[in-house]
Every structure is written in C-alpha cells, then in structure tokens.
Amino acid sequence: MLEDTQLVWVRDAAEGYIQGRITEIGTKEFEVTPTDRKYPKRTCHFDDIHSSCDGPQDHDDNCELMLLNEATFLDNLKTRYYKDKIYTYVANILIAVNPYREIKELYAPDTIKKYNGRSLGELPPHVFAVADKAIRDMRVYKLSQSIIVSGESGAGKTESTKYLLKYLCYSHDSAGPIETKILDANPVLEAFGNAKTTRNNNSSRFGKFIEVHYDAKCQVVGGYISHYLLEKSRICTQSAEERNYHVFYMLLAGAPQQLRDKLNLGKPDDYRYLSGCTQYFANAKTEQLIPGSQKSKNHQQKGPLKDPIIDDYQHFHNLDKALGRLGLSDAEKLGIYSLVAAVLHLGNIAFEEIPDDVRGGCQVSESSEQSLTITSGLLGVDQTELRTALVSRVMQSKGGGFKGTVIMVPLKIYEASNARDALAKAIYSRLFDRIVGLINQSIPFQASNFYIGVLDIAGFEYFTVNSFEQFCINYCNEKLQKFFNDNILKNEQELYKREGLNVPEITFTDNQDIIELIEAKSNGIFTLLDEESKLPKPSYSHFTAEVHKSWSNHYRLGLPRSSRLKAHRTLRDEEGFLVRHFAGAVCYNTEQFIEKNNDALHASLEGLVQECENPLLQTLFPSGSSASIRGKLNFISVGSKFKTQLGELMEKLEQNGTNFIRCIKPNSKMIDRQFEGSLALAQLKCSGTISVLELMEHGYPSRVLFADLYSMYKSVLPPELVSLPARTFCEAMFQSLNLSAKDFKFGITKVFFRPGKFVEFDRIMRSDPENMLAIVAKVKKWLIRSRWVKSALGALCVIKLRNRIIYRNKCVLVAQRIARGFLARKQHRPRYQGIGKINKIRMNTLKTLEIASGLKMGRDEIVSGVNDIYRQIDDAIMKIKLNPRITQREMDSMYTVVMANMNKLTVDLNTKLKEQQQAEEQERLRKIQEALEAERAAKEAEELRQREEVENKRLKAEIETRRKAAEVQRLRQEEEDRRAALALQEQLEKEAKDDAKYRQQLEQERRDHELALRLANESNGQVEDSPPVIRKSENVRAQQQALGKQKYDLSKWKYSELRDAINTSCDIELLEACRQEFHRRLKVYHAWKAKNRKRTTMDENERAPRSVMEAAFKQPPLVQPIQEIVTAQHRYFRIPFMRANAPDNTKRGLWYAHFDGQWIARQMELHADKPPILLVAGTDDMQMCELSLEETGLTRKRGAEILEHEFNREWERNGGKAYKNLGAKPNGPAAAAMQKQQ
Ligand SMILES: Nc1ncnc2c1ncn2[C@@H]1O[C@H](COP(=O)(O)OP(=O)(O)OP(=O)(O)O)[C@@H](O)[C@H]1O
Ligand SMILES: [Mg+2]
C-alpha cells in the first residue's frame, strides 16, 4: 500500500471519471481504489488518471480551475448542471449543457436587459453574453461576426440559436417589424424542416446560417437565411419511432374543417409517407381539441406524444399566423398547404403489374386511383398525364432526325415507385427552398453595414445504417472542426510564437487528412461518386470498390468489416466503407449514394410539373432548368452543390470574427436531472474544448494591437497624450488602471489578456466616449503623478549630490593634514630617532639597576656608574635638541661613547652576577630540558595529523582522478555518440512522431469504441474489439524484446512485493532486477505527479535539487548494464541547491546523497529555515530521488563527490543513525541495499 494518498480522478466507463486513491504502482499503470466503495478497484494507464482537488468544483470559467485536466473540467460541468447552472466558459468559448427543462428566469426579458452591454465574465456565463460580445465586437472592430453553435443531435443547438436571435433582436429595444419577422422565421422553418427522431423530438433535418444585418448605427435592418442539406429521404421513409416533418402532422391535427375538405385530409395512418410514426404531439388541452376521427389508431391506443415545446395542433395555428406576418396572403398559404397535402396523397399511389404486358411495365393500382385523382387536382396537372409520367419514362434516341425519336419506356413497379418518391422529394424540398426564399424576401436588407450570423447545423451523426445524408453532414462537421482547430488552436499558437509570449505548445489531432479523403479534386470520395454517376451504367458497388482502391492504405478509410459494430461487419467490401472521423469511426452503406447524389427528376415527370396549372408549383419548377437539357455529363450533383455551398460558408466564417458555443447533451434519454459523465466527456473531447483548456493553461484568449487601441482612443486624447507612441500609451493605460501584471502580457505588437480577464479587457475596449474619457482621465492622472514622482526623485538626487560634495571637502582636508605631517616627520625623523636610540640606553640602565639591586656586594659602584651614564645621556639629548643641523655621524658617535660606558658597567655587573647565578643556571637547564620533551611530543602528534591529511588528500585525488577518468570516458563516449547522433536524432524524432500518432490512434480507437458502444446500446447491437493498434516504434519493440530476454519477469509484481524483495532477498541478481523495476516505477509515478501538479505548488515536492532532475531529464533513458552488480560501490555526494519560492536568506541549502550502487540509499536535505530532512531507502522511497546514479550526472559534477566519513559526520550530526552494513560487500544482501534504520 502506498503512503501517498493523494485524491485522484480515474477513468470510468459510465461516469467518465470517479474519485479514488492510488494504491499500487504497476509496470505501465497504477491501481486505484475508488473512494466510493460501490465501484470496484481498477488498474488504469496513468494517462487515464488525473489529480483531484478535495472539494467539488464550481467555476464560471473552466480555465480558473486549480487543476486543468479533463476530469476536473467534467466535474465542474456536472456540479454546475445539478445546480441549474448550465453554462460555463473555456476562455471565450461557451459550453451549454442541455437542461431538458425550463429554468426559471434564465431567458426572461429582464435577463436580456441585465446582459445588455456587460462584458463576458462580468455576469454568469450565458448565450446572451456571447450575443452581446458579438454585437460589441462588431461595433468596435467594424467586422461582421459569426456565432457557431455546434453539438450533437439533441444537444440544444436550435434552442440556443433561438435565444441568440431573441437577444440580437431584442437587446436594444422591443423588437420592431423586421426583428419580429426574423423571429417568425423560426416556427416556419421548424415546421417544414424539423422532425421527431429517436435522438430529438424536434430535430432539425437541415442546416441554417441566419444573418441579422445591421446598419452603421447598429440597428437591425434586415436578415438573410442560408439553408443546407434538407434530409429528403425522410419525406418518403422514416425509421421506426421517427416521424416525417412536423408540418404533415400539424396540417392533419390543426387544419380547420374547411381546409381539410379542400385538401381531402384524413388521419395519419391513411398515409404511407407517415408510416414511421402516426402519433401527434399534443398536451392535455389540445388532445381534447383534436377530433377522434383525425387521430390514428396508434394514437388512440397510446395517447399523444409529449414534449414541452411541441404541439401539432397549436403549432399549426402559430404557423398560419407566422406565415401571415411574413406577408403571405390566404391564397398563397393555401398553395403551400396544397403542396404539402399533395405530397401525402402522392405517397399513397401504388403500382401493380400489367397482367399481359411483355415489356414488364406497370400501372397505377386500382385502390390508389382516388389518390391519383386528388394528387393531380392538388398539383394542377392532368390526371392521365400524371399517370403516364409515373409509369413511363421518355427517352430520345440518338439517331432519326433532327431531335431524335421520342420513345416511351415503360417502368417496372420499383422504378415507378422510385419515380413517385423522387417527385415527392423534389416537390417538398423545392417548397422548402421557396419558403426560405419567401422569408428572405420579407426581411430584405439594403443598408446593411455588418451582420451577425448564427450557424446551426446538424452535428456529427452516426446510426446503424448511415447513408449519403450522414456522409455530407459528417463532412461538414469535419470542415467546421478544422475551422475550429485552425482558428483556436493552430493560429492561436502561431500568434503566441510570433509575439514571443513563450506559451508551451500543445498537440491536437489535425483532421485535414479526412477532409482530403472526402473532397480531394482528383480522387476524393465526392469526385469518385460524381464520376461514377457519369458512367453509362453507374453502380454503387463499382463506386465503393473505386473508393477502396484509391485509398487502400489510408488510415482514415477502412472496410466495413473493420468496424467495431457487429451489424457493420456483415456488409460486403463493395457495399460500404468506414471513415475514421475525428469524432469516431462511421460505417457508410453506399447502396443509395448514387441516387441520393442526383436529385434530378426523369424527363417526363419534370416536363409534367413544369407545365402544371398550380402557380406555386410552376415557380418551383421553372421551365428551362431541366436536368435533362443539361445532360448527364453536366449535371450538378447534390454533393458538389453542397461542397460549393459549404465553401462559401467557410469563406464567410473566415472573414468574420468568430464566437463558439459548444452544446452538450447530458443524457441519451432526453430527461432532466441526469448527467451521464462518459457521454458528456466524449462530446467535450470531440468538440476540441479539452485541447483549448490545455492551451489556455498558459494562453491568452483576448488581445488587441497597440496601434488599434491607440487609434481607438486618439480622437479623445488631449494634446499632451497624442504625442505618446502607441506602446507607451498602452503601458501608461495599463499602469493607470492598476491591472495585475500576471493578468496580461505585452507582445511585440499586441497586448494579451489571460482567460477570465475579459472584463478588464472589455473595459478598455468599450468604445463609448464616456468610458473612454474616464480611462483617458485616469491615464492623464497617472502620467501627472508619475511625472511628479520623477521630479521628486530629481530633487532628492540633487540633495544627495550636495551632501556628497561636502563629504568630499572634508576628506580633502584630512588628506592635506596627513601629507603635512608626513613631510615634517620625514625631516625630523633622524633626530628623534637618535634621541630615541640614546634614550633606549636609559631603559637598559633601569634593568642594570634592577639587577644590581639583587647584588649582595658592589651595588653602590654600579649605582654611581649608572648616574654617570644618565648625565652623559642628558647631555647628548640636549645637544641634539639644540642643534637641528646635527649630523647622523655626530649622533652615532655620542651614542657609541655612552654605549661603551654602559657596556663596561654591564660587564662589571655580569662578573658580579656570574657566581651568584651559577646555582640558578642548573635549575634553568633542567626546565629547558622539560620544554624540549613536550615539544617533541607535540611534533609527533602534528606529524600524525599531517599523515592523515595526506591520506585524505590522496583519497580526494583518487575521487578526482576517477571523476576525470569518467569525464574522459564520457568525452570519448560523447565523441562516439556525436557520430551516431544524427542517425539517433532522426530515429528519436521518428519514434516521437510514431508515438504521437500511436496515441492519437489509441484515442481514435477509444472514440470509435465509445461510439460503437452507444450505437449498440441504442440498437441492441453488439460490439467487437478490433486487434490492438500495433506500435511501430523500433525502440519499443527492442525494449519489449529485451524485456522478454530478462531473467525475471517482474511486470506482475506489486510495488510492495518489489520493496519486500529488496529488503529481504539474498539473490543478488533478483535484488538488482527488483531495484531497477522499483525505481523505474517510482520514476513513472513521479513523472505523472509532475504532469498533474496543482497550479500553485509548482516548485514543491522535488525529491532532488532541480539541477539533478534537469540533468536526468536531458539524458536519454538508460538501460542499466548488468555488470553493475559486480562493480557497484558506495558513493557519497553533496551539492548546494536553491529553493525558488523561499525567502531570500533561507533559499540556499545542501543536499546529501548516499548511493549504494546505482540507487540511492540515504538522502539528507539541510535547510536554513527548517529542520534537516533525513530519508532512508526502504522506508521513505516516495520522497527520495528515484533516479539512478548515472542519470543524476553527479559522478561528473566537479566537487560533488565527498568521502564516506564526511557524509557520515553530517548525517550523525543531524541525528541520523549509523549505517551499519556499510562494511558488507558492495550491493550484497538486500539489507545492505535498502537498509532500514534500526
Ligand atoms: N436551453 C434549454 N432550455 C431548456 N430546454 C432545452 C434547452 N436547450 C435544449 N432544450 C431541450 O432539448 C431539446 C433539443 O434541443 P435542440 O432541438 O435545440 O437540439 P439540436 O442540437 O438542435 O438537435 P438537432 O441536431 O437534432 O437539431 C429541445 O427540444 C428542448 O426540449
Ligand atoms: Mg436543431
């Protein structure tokens, strides 16, 4: 069991992440015990484990999280979701979790007012805040804006779009007529373009880009709607539990009797085109209002479908009114309803074989004659002509006259049914185009300066059966994802580099290869499909085979049998292909691709509708636009049309400012208060928001050019500020606003803001004059204040200078005094030295008198002799004093005379003393003898000490020689390495690339698997595992082989077992193997911890000084040579270190290490401000240096190695107990290696 009990997040298949604690370090993974006992223990790769904070998270901006990882991100979303806070930011990107219920006051008019003019981040996150930012960015940057709303089906894109539009139209005042029309467009579009699917009751089956146009004063002046890819197949068939477009049901449920009679309407189960689901959406009240005769059998049995925002009866009336407000007359509305009804009746026309027809033709079945009559009436075509056009096709032979001969080719039953369905789809889809056109006509914009466009397009789609529609939608999503990657991740990082911001790079999966696969001009899937359509006999299997042939070795394209879902594996190779999209692998069934790619009607049907009497239908099919006129080779396919449309959209997006909203679906049951973590996590990953989070750990989402900021303010700047350079002005502005230095950074041309600092950023970017004047006033104040401070500083400097001058004057006087003294002393020195010399004799006489006092005889003679000498001295001194010019020689001769007399007196005295001293002499000699004895003993002790010193020096020299030898050896090695370096470098880079690719593939595999699992859950299908991705790295393979060859397989050993073996085993080889494995795991663990550290504790938890860790980091990983076991020895090191965040005087410390062989045995840290830290292997491994001696580079560090006794002295001085087994043979029994302190 590990002592390190830090709380972590660990991956869970259902919850996304759950909390637990690491309890075991394995070879490639950690064992985690969840804190909640209901979950079992699990072993996970360390990439799936992240650090966790103790309490639950609740932050408006995910970039504010203490730990920026996907687990805490998910936790934050979840916690907030259950508190009804469905919005959060990742920098400037809004994340919206679908609440599936109404949250009180969240979108009320008062809330709109509250967000008006408020910066992003000032109020809780909201779609309104994004809309407001778009308006303000448009005004400030004079640039149109886009808001890209994305997410999977049911995530809430359309609802978010509605709220955005509401804000854009209502934010300034109450909505005017144009704004009302823009808002009215929605119910109309939803009636015709939305349907119930298994994933969303109100699923938009088309994409739209709604532009709200503004004039120079930012007043709404019009709008424009572009729409994309209406799902046509739904008009004729729907999957079980799915409905056709809402409008059909609305008409059947809500049309007044008079209209019903006109259109011959019945109940849903009367119509084949509504067979997927025949129930209405209704609430308790409207259920009563719909007569029983209008309800299907199924509806009567099961009751209505329920959804808070859908009601077929009510919505018909809303639609009718909205169409009226958009300017349609009753006749025009009737025209639209008639075509909708006509589609329903057309669907009921069935065919049967003509009994005796040899050409295999068919006829309209008798039972559907009535439907034929009603349809022809509603379409305004001749019944017979409709009949003929449905069961036969016109062909023009090539030869035979100017125009060729017209031949009527009878159709088989399935061909006639296809023709009927094609007609229904063409009528409905063109009607939809027309309705969008009508809306656009009613909201024209002439005086538009800019616009804000909101994009709501179907998210990534995957079903058990995926066809052309899904292919187009997923292609579109790839393009949008690429746009997001380029816009947010790639360009952002390039900008940071250009501006010198020093932000660490992050990697993300580039999906350009998928886009190439689909849209490449020469062999992209779209091109191959169009080419197939131009062949005389196009076939889907040939097309599919061509796709596989052209992209046979492409990672992104696979055969259906490589799918994870069992249902796909049954498809034959030429029936489909699998594309590994950024969000997961999707298997496409190609059977319908060719038909769906060509929406042209056959000539007789087209001719029929072009010449009909229904005015609306005529406008839908203008003559001259026929595909048959253009010919097969020039036809414009659905795919290429969509590609062009998408190209135009991307161009718009690229020119505009961009804002992103990522919608998240919290559960697949479409219910409130349920958060499926893994589902949300998959969406977060796919949307790229996790990569953005990673980037924003050190990134700067908001920025502005100095020049732009300056020119924005230029008009309101007073003359004294106008002359400032742009950058200086910006610096002055930032200083004056008291912004914290860590919240922004100056680049080369721009100033950047950290995430969550948008309020500060926006404060300076708000271009209303009042705010600008207030800021300018602050800048002015700051400038005046800083100039005042500068002048005060100047005055202080002058005072300081004056004081310095005074001080120097004083110093000069002192110097003069000293010089004068020196000269005088030089001149008179011989005389006073002469006096001094003679005076010294007087001192000697004192001694003579003192000695004489000890004489027993002749003392008086000596005394009078001394008095004589006194006199002579006084005379001589007097002479010298009175004669300044006296020479040295004269003084010397006077001295010699006095001295000679003195000597004579001394000789006398000595003779007298001699006898007296004879006895004393003996005693003195004895004492000298004793002193000599003591001196000899001291000398011997000194010699001993010196010998020891020499020995230590020798040992140190040995260490130095060893270090030098190691150095020489290393240099030699380096020389050899250098030669191999280029090749090695290349190999390493390749391996790194392979590794990154491998990781991406693993991630892709995981997404594929998750997607397949979700599908399987929805459809009761089965998922099969593909073989694991093989990593091609040579190095890894070599390592694996090496592992295989090793004597001991320790991969299954537990961390604690390894430690026990180290402490108890006597098998030297096993011991060494255990130690290597033990430290390798520790390294992996510490590397994980470093990667997952909290943002505030960067410099803590270091187990060795930074210099050591860095040396190890720079080195390539080493495989320990096996001979280490024999040659290993104890070595001791000492190096100083600095603590980055300690107060100045306590920064420095000493780090001691004792290595037993390659691994650390004892470690000691000495700090100035805290008690020493002593650690011993076997007990304190988690806190000790996990690197091998070789990796630390200590043996090559000059002066780092110390002697054993030096280490032990410090160790014991600081309370460490003696290391007893040091004498044992190096690296001997385990006890010596990982000795526990006793
Ligand atoms: N902000 C919200 N508040 C309350 N309910 C919401 C909100 N957003 C979405 N919903 C609910 O979720 C349902 C699905 O949302 P919506 O139709 O916007 O999804 P979508 O992303 O547009 O899906 P699709 O791609 O299928 O069109 C809505 O019908 C509504 O019931
Ligand atoms: Mg939608």
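These numbers come from a predicted model, not from an experiment.

J.: Residues and numbers for the packing of helix α1 (residues 70-82) against helix α26 (residues 677-686), please.
T.: At a minimum axis distance of 11 Å, the contact between α1 and α26 shows a crossing angle of 120°. In terms of their interaxial angle, α1 and α26 are classed as oblique. The hand of the α1/α26 crossing is right-handed. For the pair formed by α1 and α26, the contact residues are Glu70, Phe73, Leu74 and Leu77 on the first element and Gly677, Ala680, Leu681, Leu684 and Lys685 on the second. The residue inventory of the contact of α1 with α26, partitioned by class, reads six nonpolar, one polar and two charged.

J.: Describe the sheet that holds strand β28 (residues 1173-1176), with residues and values.
T.: Strand order in this open sheet of five strands is β28-β27-β26-β25-β29, and the pairing throughout is antiparallel. Either end of the sheet is taken by a strand with one partner, and the two such strands are β28 and β29 (1201-1202). The pairing of strand β26 (residues 1148-1156) with strand β27 (residues 1159-1167) spans eight bridges and is antiparallel. Counted as the bridge partner of Tyr1152 is Met1164 from β27. Along the sheet, helix α37 (residues 1068-1091) contacts β26 and β27; its crossing angle with β27, the most-contacted strand, is approximately 45°. Against the sheet, helix α41 (residues 1204-1213) makes contact with β25 (1130-1138), β26, β27, β28 and β29, and its axis sits at roughly 55° relative to β27, the strand it touches most.

J.: I'd like a rundown of the pairing of strand β12 (residues 220-228), residues and numbers included.
T.: Summarising burial for β12: eight of the nine residues are buried, a large majority. For strand β11 (residues 207-214) and β12, the ladder comprises eight bridges, and the chain directions are antiparallel. Across the sheet, residue His213 finds its bridge partner in β12, namely Gly222. Linking two consecutive strands that pair antiparallel, namely β11 and β12, is a turn of five residues; a positive phi of about 65° is found at Cys218 within it.

J.: So, the site of ligand 1: which residues are in play, and what are the values?
T.: Near ligand 1 lie 19 residues; those nearest to it are Asn98, Ser153, Lys157, Thr158 and Ser203. In this structure, an oxygen atom belonging to ligand 1 sits 2.6 Å away from a side-chain N or O atom of Ser153. Interatomic distance of 2.6 Å between a side-chain N/O atom of Thr158 and an oxygen atom of ligand 1. Here ligand 1 loses 94% of its free accessible area of 630 Å² to cover by the protein chains. Residue assignment for the shell around ligand 1 shows that the elements contributing at least two residues are α4 (157-170) and β10 (203-204). Among the elements that line the shell around ligand 1, the one with the most residues is α4, at four residues. Taken together, the residues that form the shell around ligand 1 break down as six nonpolar, nine polar and four charged.

J.: How would you explain the pattern of salt bridges if you had to name every residue and give the values?
T.: Tallied over the entire structure, the rule returns 76 salt bridges. A salt bridge links Arg325 to Asp184, with the shortest nitrogen-to-oxygen separation between them at 2.5 Å. Of this pair, Arg325 sits in helix α11 (residues 312-325) while Asp184 sits in helix α5 (residues 177-193); the two residues are 141 residues apart in sequence, bridging distant segments of the chain. Owing to a relative accessible area of 43%, Arg325 belongs among the partly exposed residues under this scheme. Note on Asp184: relative accessible area 7%, which makes it buried. Of the charged contacts, one joins Arg205 and Glu461 as a salt bridge, the two residues approaching to 3.2 Å between their closest N and O atoms. Taken as a pair, Arg205 in the loop between β10 and β11 and Glu461 in the loop between β17 (450-456) and α16 (468-498) lie far apart in primary sequence, 256 residues in all. No difference in accessibility class separates Arg205 from Glu461, as the two residues are buried. Each member of the salt-bridge network shares a partner with another, and the members are Asp48, Glu70, Lys685, Glu1003, Arg1006 and Arg1007.

J.: Talk me through the environment of Arg1148; I want residue IDs and the actual numbers.
T.: With respect to the helices, strands and loops of the structure, Arg1148 is situated in strand β26. In this structure, the C-alpha to C-alpha distance between Arg1148 and Met1138, residues 10 residues apart in sequence, is 4.6 Å. Beyond its immediate stretch of four places on either side in the chain, Arg1148 contacts Phe1137, Met1138 and Ala1168.

J.: Mind laying out the pairing of strand β2 (residues 16-25), listing which residues take part and the relevant values?
T.: The buried count for β2 comes to eight of 10 residues, which makes it a mostly enclosed element. As paired strands, strand β1 (residues 7-12) and β2 are joined by six bridges and run antiparallel to one another. Directly across from Asp12, in β2, lies its bridge partner Gly16. Taken together, β1 and the strand that follows it, β2, pair antiparallel across an intervening segment of three residues. Two elements, β2 and strand β3 (residues 29-34), share five bridges in a ladder whose sense is antiparallel. The residue bridging Arg21 from the neighbouring strand is Thr33, located in β3.

J.: Got a sec to walk through helix α22 (residues 603-610)? Specific residues and values, please.
T.: In terms of burial, α22 is a largely internal element, six of the eight residues being buried. Within α22 the residues assigned to the buried category are Ser604, Leu605, Glu606, Leu608, Val609 and Gln610.

J.: Please give an account of the coordination of the magnesium ion (ligand 2) that cites residues and values.
T.: Ideal geometry at a metal gives 109.5 degrees between four tetrahedral donors and either 90 or 180 degrees between six octahedral ones. Taken together, the protein donors to the magnesium ion (ligand 2) comprise Thr158 (OG1) and Ser204 (OG), at separations of 1.9 to 2.0 Å. Within this pair, whereas Thr158 is found in helix α4, its partner Ser204 is found in strand β10, the two being separated by 46 residues in sequence. Look at Thr158 and you get buried, because its relative accessible area is 10%. Taking the relative accessible area as the measure of exposure, Ser204 reaches 13% and is therefore buried.

Thresholds applied
Residues numbered from 1 in each chain as written. Chains lettered and ligands numbered in written order. Predicted model: local features only at pLDDT ≥ 70, side-chain atom pairs only at ≥ 80, totals over all residues. Heavy atoms only, no water. Axes fitted to C-alpha atoms, helices over the stretch in contact; angles between N-to-C directions. Helix = DSSP H or I, 4+ residues; strand = E, 2+ residues; numbered from the N terminus. Parallel < 35°, antiparallel > 145°, perpendicular 65-115°, else oblique. Left-handed = near helix turned anticlockwise from the far one by under 90°. Contact = heavy atoms within 4.5 Å. Nonpolar A, V, L, I, M, F, W, Y, C, P; charged D, E, K, R; others polar. Pairing = 2+ DSSP bridges. Buried < 20%, exposed > 50% of the residue type's maximum accessible area, 1.4 Å probe, protein only. Near = heavy atom within 4 Å. Polar contact = N/O pair within 3.5 Å; in protein donor to acceptor, adjacent residues only side chain to side chain. Areas by Shrake-Rupley, 256 points an atom, 1.4 Å probe, with all protein chains shown as cover. Salt bridge = Lys/Arg side-chain N within 4 Å of Asp/Glu carboxyl O. Donors = N, O, S within 2.8 Å, 3.2 Å for Na, K, Ca; no water.

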